[in-house]
Amino acid sequence: MTPRELLAAIPPVSPPLTLVQEQWPTPVTQPFMPPLAEYMPYLQTIWANRWLTNSGPFHQELERALEQHLGVPHLSLISNGTTALWIALQALRIGGEVITTPFSFVATAHALRLVGATPVFVDIDEADCNLSPQGIEAAITERTTAILPVHCFGHPCDVKAIGEVADIHDLKVIYDAAHAFGVQADGSSILCHGDLSTVSFHATKVFSTIEGGAIISPDARTKAKIDRLRNFGFVGDMTLAGASINGKLNELQAAFGLLQLRYIDDIIARRAAISARYHSALAEMAGIMPFHAIGATTLNHAYFPVRVTEEYAVSSDTLCRELQSVGIMARRYFHPLICDMPGYRDLPSARQALPVARRIARQILCLPIHANLSDEQVDRAVGILARA
Ligand SMILES: *Cc1c(COP(=O)(O)O)cnc(C)c1O
């Protein structure tokens, strides 16, 4: 049976899958688990054909299914999002100075370090926590080779302005789109901008293959190069194009991804409903400022970040601990800033003021959001925020 026939042959879950399963404490995010019964036929197939990895049938089918679902031309599955970033940077031969954001997960800057490039941190915009295009332009030197922006919290960067700066100064653009699965702007995938985009399918992300990730390439030639770089540098079975890493995803994870994809619309719809519930409850709350994404036509509601401003009774740090003490595991993504971490804080660009990033890092708080979160749990979190 082909993977597609297998999927079609799996009966729908009966009774229909309910997404909400109360859990206590409430994690900030939680992986969606497809029904175990639906995973079994995949495992049986894998056991029968003994094809565990190296571009097996489920791997091939997931690449095709994701290209179609996301509306992207060419997608390469990779073992995780960090390796995807490393391979993307290698594919474009990025070195020298790369302009990037301090307000992200450490993997963004680590990938630059791992290819021997120097991160140059630039301040972010208050409205969406993304790299400021004006800040990028001001930081360009003759050593700058590329820009590595992040669509932070799945909110699209100003891709048009960043593209213009890159064109004028002849720079590559690699988007760390780890948070941006399924996000669209102007009716098309946000993953189609820049020279390459990378995503993460880690268990904490909206769409997951347990560990995993992908690179989106604009053309078949670039995809072929990426596919070589994830497979030790092999061209075909015997010829080597150069040294590279093992960045492959296996069949068990690809099968898990195919099942996730079956539920992804329901997962994101549930996240959207939670986001709307938070927004309406928090709209009038003094000192709590949710974000409103700019320019997105479809969001994935990967996170629910708020700013805890000076108007609020306590700091974001205190509020986070208050929530956690009652089992609502809010998290301060992204505090501290990457530029304030060991290994980065001695860089010249890390010693700048970066006033917006530093203020937002102080104020940020991410509230729980995932497909299994109940309305009651949202209301409980809101109740703590209201200090009622
Ligand atoms: C999760 C994440 C990564 C790394 O992805 P992994 O799959 O965990 O390696 C990179 N960048 C950002 C912004 C992330 O949130």
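Residues numbered from 1 in each chain as written. Predicted model: local features only at pLDDT ≥ 70, side-chain atom pairs only at ≥ 80, totals over all residues. Heavy atoms only, no water.

Undergrad: When you look at the overall build of the chain in this model, what are you seeing that I'm missing?
TA: Across its full length, the chain carries 12 helices and 15 strands. Rg of the C-alpha trace for the chain: 21 Å, near the compact-globule value of 21 Å for 388 residues, within the 12% margin. For the chain, the spread of C-alpha atoms along the three principal axes comes to 60 × 60 × 35 Å. Of all 388 residues assigned to the chain, the portion counted as buried reaches 54%. For the chain, the share of sequence-separated contacts (at least 6 apart) that also reach a separation of at least 24 residues comes to 71%. If you sum the accessible surface of the chain, you get close to 16700 Å²; carbon and sulfur atoms cover 55% of it. Separation between the mean location of the 30 positive side-chain charges and that of the 37 negative ones in the chain comes to 6 Å. (Helix = DSSP H or I, 4+ residues; strand = E, 2+ residues; numbered from the N terminus. Rg over C-alpha atoms; globule rule 2.2 N^0.38 Å. Buried < 20%, exposed > 50% of the residue type's maximum accessible area, 1.4 Å probe, protein only. Contact = heavy atoms within 4.5 Å. Areas by Shrake-Rupley, 256 points an atom, 1.4 Å probe, with all protein chains shown as cover. Lys, Arg positive; Asp, Glu negative; His and termini not counted. Charge placed at Lys NZ, Arg CZ, Asp CG, Glu CD.)

Undergrad: I would appreciate a short explanation of the packing of aromatic side chains in the present structure.
TA: The geometry of two aromatic rings is summed up by the distance between their centres and the angle between their planes. Enumeration according to the criterion identifies 15 aromatic pairs in this entry. Ring geometry for Tyr39 and Phe256: centres 6.0 Å apart, planes at 85 degrees, overall edge-to-face. Residue Tyr39 is found in helix 2 (residues 36-49), and its partner Phe256 is found in helix 9 (residues 251-282); the two are separated by 217 residues along the sequence. On the numbers, 6.2 Å between centres and 75 degrees between planes, the contact of Phe121 with Tyr344 is edge-to-face. Of this pair, Phe121 sits in strand 3 (residues 118-121) while Tyr344 sits in the loop between helix 10 (316-325) and helix 11 (355-363); the two residues are 223 residues apart in sequence, bridging distant segments of the chain. A single burial state applies to Phe121 and to Tyr344, both of which are buried. Through a chain of ring-to-ring contacts, three or more aromatic side chains come together here, namely Phe103, Phe153, Tyr303, Tyr333 and Phe334. (Phe/Tyr/Trp six-rings, centres within 6.5 Å; stacked < 30°, edge-to-face > 60°.)

Undergrad: Honestly, the UniProt feature "active site" (unreviewed entry) in the chain in this entry has me stumped. Any pointers?
TA: Taking the numbering used here, the UniProt-annotated feature "active site" (unreviewed entry) corresponds to Lys205. Lys205 has contacts with Ala178, His179, Ser200 and Tyr303, leaving out every residue within four places of it along the chain. (UniProt positions renumbered as here; feature names shortened; annotations may be inferred.)

Undergrad: Would you mind going over the environment of Met1 with me for this structure?
TA: For Met1, the location among the structural elements is in the segment before helix 1 (3-9). Taking the C-alpha atoms as reference points, Met1 and Pro57, separated by 56 residues in sequence, lie 10.0 Å from one another. Other than its neighbours up to four places away in sequence, Met1 contacts Leu6 and Ala9.

Undergrad: Hey, could you run me through the UniProt feature "modified residue: N6-(pyridoxal phosphate)lysine" (unreviewed entry) in the chain in this one?
TA: Residues given the UniProt feature "modified residue: N6-(pyridoxal phosphate)lysine" (unreviewed entry) here are Lys205. Inspection of the secondary structure assignment puts Lys205 in the loop between strand 8 (196-200) and strand 9 (213-217). Given the relative accessible area of 16%, Lys205 is considered buried.

Undergrad: Explanation requested: the pairing of strand 14 (residues 304-308) in the structure shown.
TA: Residues in a regular strand point their side chains to alternate faces of the sheet. Burial analysis of strand 14 places five of its five residues in the buried class, which makes it a mostly covered element. Alternating positions in strand 14 separate into two faces, Phe304, Val306 and Val308 on one and Pro305 and Arg307 on the other, with burial throughout. In this sheet, strand 15 (residues 364-367) lies alongside strand 14 in antiparallel orientation, the contact comprising four bridges. Along strand 15, the bridge assignment pairs Pro305 with Cys366. (Pairing = 2+ DSSP bridges.)

Undergrad: What's the story with helix 7 (residues 159-169) in this structure? I'm lost.
TA: Given 3.6 residues per turn, any residue in an α-helix points the same way as the ones three and four places further on. Inspection of helix 7 places Val159, Ala161, Ile162, Val165 and Ala166 among the buried residues, and these make up the whole buried set. Around the axis of helix 7, the buried residues are gathered within 165 degrees of arc, so they sit on the same side. Set apart from the buried face of helix 7 by more than 90 degrees, the exposed residues are Lys160, Asp167 and Ile168. Just downstream of helix 7, Asp170 is the residue with a positive phi angle, here 55 degrees. (Arc of directions from axis to C-beta.)

Undergrad: Even after reading the chapter, I still don't get the sheet that holds strand 6 (residues 184-185), so can you show me in this structure?
TA: Backbone hydrogen bonds hold the strands of a sheet together, and the pairing may be parallel or antiparallel. Across the sheet, which stays open at both edges, the three strands sit in the order 7-6-13 with antiparallel pairing between neighbours. The sheet is open, and its two borders are formed by strand 7 (188-189) and strand 13 (296-298), each paired with just one other strand. In this sheet, strand 13 lies alongside strand 6 in antiparallel orientation, the contact comprising two bridges. Among the inter-strand pairings, Ala185 is bridged to a residue of strand 13, identified as Ala296.

Undergrad: Just checking my understanding: could you explain the pattern of salt bridges for this structure?
TA: The final tally for this structure, using the stated rule, is 18 salt bridges. Of the charged contacts, one joins Arg262 and Glu38 as a salt bridge, the two residues approaching to 3.0 Å between their closest N and O atoms. Placement of Arg262 in helix 9 and of Glu38 in helix 2 is noted, with a sequence separation of 224 residues between them. For Arg262, a relative accessible area of 33% puts it in the partly exposed group. A relative accessible area of 2% places Glu38 in the buried class. A salt bridge links Glu63 to Arg230; the nearest nitrogen and oxygen atoms lie 2.9 Å apart. Of the two residues, Glu63 sits in helix 3 (residues 57-70) while Arg230 sits in the loop between helix 8 (220-229) and strand 10 (234-235), which places them 167 residues apart along the sequence. (Salt bridge = Lys/Arg side-chain N within 4 Å of Asp/Glu carboxyl O.)

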